[in-house]
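As a plain string of letters, each chain reads:
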Amino acid sequence: LKTLLAPINIQDKENAKELIVKNGSITFSNVKFHYKDADLLFQNKSIKIEAGTKVGLVGYSGSGKSTFVNLILRLYDITEGRILIDNQDISSVTQNSLRQNISLIPQDPSLFQRSLIDNIQYGNVDALDKEVIKASKLAHAHEFISKLPDGYNSLVGERGVKLSGGERQRIAIARAILKNAPILILDEATSQLDSVTEEFIGEALRELMHDKTTIVIAHRLSTLLSMDRILVFDKGKIIEDGTHAELLKKKGLYKTLWDTQVGGFLRDKKSEEE
């Protein structure tokens, strides 16, 4: 109830229009942002992500990667500047139309105490059962769902407690496949999967990314090898920008991160300093 009754701070403008995405380019123009009672994180940030490109975001925790994504989703309003999608200011469009055009696969997906089919259809409430099953097969979720006594009608428990972390993540991927939005954001989307399942789902994700503007946050740098571009964040600034091969040649922070990752994952900055 506390959550439901909390005041809504971000409101649509009175004459807000529907966002129309034909290509999916994303532009930050002189963006300034800081969290409440915190120092300025982004200062005059300007960058353009071309339509249909795959962009990886890397950096230590707290460097601004998740904030960058949250601002695109307009979970927070910026202090100054503009964020544009296909040259439309996201502060001037309805939040519903903005988020309808973005698929998000988070690290810890939220599931409802409803059936599996209801949870997957959350990506597209108008989808037919056969479309849900097709998306589930692509996400390699159909295998474990079909083994359950009630199949797709099985209840998942509060926040999906009856499912493992990897199973919850596959449901989130099935949602995104079903939604098929022109902009795709992956926030550690395969972090809870074993290597075999990750390889299978990697094929589905590559198909899902096709012709979409894709932003991938990852601590497992090997997942970014196929990216068109990698942005390296440090204390709110993008300090390096290029392909994997280009960034290794620069011998900057990305090269340091690549060399110091353990088991394919980045170390925490504190543990590295120790």
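Draft legend 1. Here's a closer look at the overall build of the protein. Summing up its helical and strand segments, the protein has 11 helices and 10 strands in all. Expected size for 274 residues packed as a compact globule is a radius of gyration near 19 Å; at 19 Å, the protein falls within 12% of this value. For the protein, the C-alpha atoms occupy an extent of roughly 55 × 50 × 40 Å along the three principal directions. For the protein, the proportion of its 274 residues judged to be buried stands at 47%.

Draft legend 2. Quick peek at helix H10 (residues 253-260). Leu 253, Tyr 254 and Leu 257 are the residues of H10 that are buried. For H10, the arc enclosing every buried residue in end-on projection is 100°, short of the 170-degree limit, so these residues lie on one face. Residues of H10 that are buried in the fold lie against strand E3 (54-58), strand E9 (229-234), strand E10 (237-242) and helix H9 (244-250).

Draft legend 3. Main features of the sheet that holds E10. Taken in spatial order, the six strands make up an open sheet running E6-E7-E8-E3-E9-E10, and their pairing is mixed. The sheet terminates laterally at strand E6 (102-105) and E10, the two strands that pair on one side only. Shown here is a sheet whose adjacent strand axes are inclined to one another by a mean of 20°, direction ignored. Sheet topology places E6 next to strand E7 (residues 183-187); four bridges connect them, and they run parallel. Across the sheet, the residue bridging to Ser 103 is Leu 184, located in E7. Running over the sheet, helix H2 (residues 65-72) touches E3, E6, E7, strand E8 (213-217) and E9 and is turned about 145° from E8. Relative to E9, H10 is tilted by about 95°, and along the sheet it contacts E3, E9 and E10.

Draft legend 4. The packing of helix H5 (residues 129-138) against helix H7 (residues 165-179), seen in detail. Direction vectors running N to C along H5 and H7 enclose 125°, while the axes themselves pass 8 Å from each other. On the basis of the axis angle, H5 is oblique to H7. As for how H5 packs across H7, the hand of that crossing is right-handed. On H7, the residues touching Glu 131, Val 132, Ala 135, Ser 136 and Leu 138 of H5 are Ala 174, Ile 177 and Leu 178.

Draft legend 5. Structural detail: the pattern of salt bridges. Tallied over the full model, the rule gives six salt bridges. For Asp 241, the salt bridge identified is with Arg 229, shortest N-O distance 2.8 Å. With Asp 241 in strand E10 and Arg 229 in strand E9, this pair connects stretches of sequence that are 12 residues apart. Of the residues examined, Asp 241 reaches a relative accessible area of 32% and is grouped as partly exposed.

Draft legend 6. Geometry of the nonpolar core. Among the nonpolar cores identified, the biggest contains 42 residues, and Ile 105 and Ile 171 are the most heavily contacted of them. Take this core: its biggest share by element is seven residues, from H7. Aside from chain neighbours lying at most four places away, what touches Ile 105 is Ala 172, Ile 173, Ala 176, Leu 184, Ile 185, Leu 186, Asp 187, Ala 189, Leu 205 and Leu 208. Within the second largest apolar cluster, 29 residues are counted, among which are Ile 49, Leu 71, Ile 90 and Ile 102.

Draft legend 7. How the structure looks around unusual backbone geometry. The phi angle at Asn 87 is positive, at roughly 65°, despite the residue not being glycine. By secondary structure assignment, the location of Asn 87 is in the loop between strand E4 (80-85) and strand E5 (88-89). Of note, Lys 235 is a non-glycine position whose phi angle comes to about 55°, a positive value.

Draft legend 8. Expanded view of the sheet that holds E5. If you trace the four strands from one edge of the open sheet to the other, you get E2-E1-E4-E5, paired in antiparallel fashion. Sheet topology places strand E2 (42-49) and E5 at the edges, where each strand pairs with a single neighbour. Two elements, strand E1 (residues 26-33) and E2, share five bridges in a ladder whose sense is antiparallel. Bridge pairing in E2 links Thr 27 to Lys 48. Taken strand by strand, H2 contacts E1, E2 and E4, and its axis lies near 110° from that of E1.

Criteria and thresholds
Residues numbered from 1 in each chain as written. Predicted model: local features only at pLDDT ≥ 70, side-chain atom pairs only at ≥ 80, totals over all residues. Heavy atoms only, no water. Helix = DSSP H or I, 4+ residues; strand = E, 2+ residues; numbered from the N terminus. Rg over C-alpha atoms; globule rule 2.2 N^0.38 Å. Buried < 20%, exposed > 50% of the residue type's maximum accessible area, 1.4 Å probe, protein only. Arc of directions from axis to C-beta. Contact = heavy atoms within 4.5 Å. Pairing = 2+ DSSP bridges. Axes fitted to C-alpha atoms, helices over the stretch in contact; angles between N-to-C directions. Parallel < 35°, antiparallel > 145°, perpendicular 65-115°, else oblique. Left-handed = near helix turned anticlockwise from the far one by under 90°. Salt bridge = Lys/Arg side-chain N within 4 Å of Asp/Glu carboxyl O. Core = buried A, V, L, I, M, F, W, Y, C linked by side-chain atoms within 4.5 Å.

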